[in-house]
Each structure stands twice: as structure tokens, then as C-alpha cells.
Amino acid sequence: NAGVMQNPRHLVRRRGQEARLRCSPMKGHSHVYWYRQLPEEGLKFMVYLQKENIIDESGMPKERFSAEFPKEGPSILRIQQVVRGDSAAYFCASSPPHPNEKLFFGSGTQLSVL
Amino acid sequence: DAKTTQPNSMESNEEEPVHLPCNHSTISGTDYIHWYRQLPSQGPEYVIHGLTSNVNNRMASLAIAEDRKSSTLILHRATLRDAAVYYCILRDYNAGGTSYGKLTFGQGTILTVHP
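Here the structure is a predicted model, which is why all the values come from computation and not from measurement. (Residues numbered from 1 in each chain as written. Chains lettered and ligands numbered in written order. Predicted model: local features only at pLDDT ≥ 70, side-chain atom pairs only at ≥ 80, totals over all residues. Heavy atoms only, no water.)

On to the packing of aromatic side chains, then. One pass over the full model with this rule turns up nine aromatic pairs over all chains. A ring pair is formed by A:Y35 and A:F45, whose centres lie 5.8 Å apart and whose planes are at 75°; its orientation type is edge-to-face. In this pair, A:Y35 is assigned in strand β4 (residues 31–37) and A:F45 in strand β5 (residues 43–50), connecting sequence segments ten residues apart. Across the pair, exposure class does not vary: A:Y35 and A:F45 are buried alike. Measuring from ring centre to ring centre gives 6.2 Å for A:F105 and B:Y36, while their planes differ by 80°; the resulting arrangement is edge-to-face. Placement of the pair is A:F105 in strand β10 (residues 104–105) and B:Y36 in strand β3 (residues 31–38), with the two residues belonging to separate chains. Looking at B:Y36, the relative accessible area reads 0%, which means it is buried. An aromatic cluster is defined as three or more aromatic residues linked by ring pairs; in this entry it consists of A:Y35, A:F45, A:F105, B:Y36, B:Y46, B:Y87 and B:F105. (Phe/Tyr/Trp six-rings, centres within 6.5 Å; stacked < 30°, edge-to-face > 60°. Helix = DSSP H or I, 4+ residues; strand = E, 2+ residues; numbered from the N terminus. Buried < 20%, exposed > 50% of the residue type's maximum accessible area, 1.4 Å probe, protein only.)

A separate point is the layout of surface pockets. Size it by volume and the largest pocket reaches roughly 660 Å³. Sorting the residues of the lining of the largest pocket by element identifies β9 (88–95) and β11 (109–113) of chain A together with β8 (84–92) of chain B as the ones contributing at least two each. Its residues placed into classes, the lining of the largest pocket shows eleven nonpolar, 13 polar and three charged. As a volume, the second largest pocket reaches approximately 390 Å³. In terms of lining, the second largest pocket is formed by 18 residues, of which the most central are A:F104, A:F105, B:P44, B:E45 and B:Y46. Here the lining of the second largest pocket takes three residues from strand β4 (residues 45–50) of chain B, the largest share from any one element. (1 Å grid on protein atoms, 1.4 Å probe; cavity = no way out; pocket = protein on both sides within 12 Å on 5 of 7 lines; lining within 4 Å. Points joined across faces, edges and corners; volume = space filled by probe spheres on them. Nonpolar A, V, L, I, M, F, W, Y, C, P; charged D, E, K, R; others polar.)

Looking now at the pairing of strand β2 (residues 18–23) of chain B. Residue and element names in this part refer to chain B. Where burial is concerned, the two faces of β2 differ: the one with V18, L20 and C22 is buried and the one with H19, P21 and N23 is not. Strand direction decides the pairing type here: β2 and strand β7 (residues 70–75), joined by six bridges, are antiparallel. Residue P21 lies in a different strand from β7, and its bridge partner there is T72. (Pairing = 2+ DSSP bridges.)

Right, dumping it as C-alpha cells:
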């Protein structure tokens, strides 16, 4: 049973470009979470999704950031018109439907904005 | 989510037990106590969780105070691979709200293990 898969592992973008980060949850998991970790800082919750629904996006910046988890395919975190401050490690986690089940995290995508 | 307080850092020697404390004086009756750790350049990893009773698994033990206002993660024999940031997190399992799913990470405790 493969773990949570994130790709790419490293992503380099120039200011103003778009970044698309992909997350494939573990088999049987219908809940996906995205977190951001800025250099030398802690993990910050961004968004919580179930299949085709955004449940909690209280941690998402209001502009330029969007997330989806379609019926088929991976979850996508999209950052439009990236700025240097978006440089961070972005982690995805997945869990089964029960609210107290543990989260399984991927290895993250390191986004660097030049 | 209720807040937790952990020491910024702790040190241990290899092969010795490690006790990582966590205070959560405002814990509610529906909060589970979760522990995760993050090794360098990796995503967080689940360690253990509990509600009221002490818990054991292959990675660690969790000792929960009788009033649930504090807990201690116990690594019985630290290894160099246990060097990580350890996070104590309260997770509300009240399924009625939309926030029950997410984990809110604090600063955690940086554990250094010396050979």
C-alpha cells in the first residue's frame, strides 16, 4: 500500500508564474489536507478537502491560492502569480473518513520562487 | 483547537529513555491527545494518540495525567533516528463541526539525541 504521494518533490518557479502541486492520497482515503511550512517556521494548516468538496479553507490566503480534490485524480494545490514569499515546503496529508483517524503525510513539495 | 505548551528543546543520549512533556490545561472532554514527529526534510509522522488511558505502541508510550491537563510522550530507548521535532496536538473528535479533521501544529519540541 503506497503512502501519500506528492509531486514534484522540488519545484522552481519565477515570480509571476503558476505553481501546481499534486497529491495522491493513500488508497481508500477520502480526506486530504494541505499544510505549508515556511523556512524556520511551523506547519500551518491551509485547506481540508473531501472528494469534490472543500470542507475548511480557513488557512488559505484569499488571493492566488486554490485547491481541488476531484472525483478522479489527485488533489491539486494551485498558486497563481507566485511571489518570493510563497517559497516554502508544502505538505499534503490524507486520512480515512473517521474523524479521529491519524493523518498520513507525504514527503512534501519544496517550492522555490526565483 | 485548544492550545498545548511544550519545551522548545530537549536533549538525550542514545539508548536512554526520553520523556517529552506537554501541557494542555484547557483541554475539553472531546479532545484527543495526538503526538506527531517530523524528521529533517520529511513530512510529519504519526506517533501515538489517546483520550484518557495510557497508551503503548511499537514507537512510544503516552502517559496521560488523571485530570488530562498534561501528558508525556515516552521514548523508551532513544536512537539517533529519533532526533526530530515532536508535536503534541489536541484534536477534537466532535464530528458535528467542520474543524474536527485538521491538526493544528504548534512549535513542538526539538529533540536532539547524542551518540
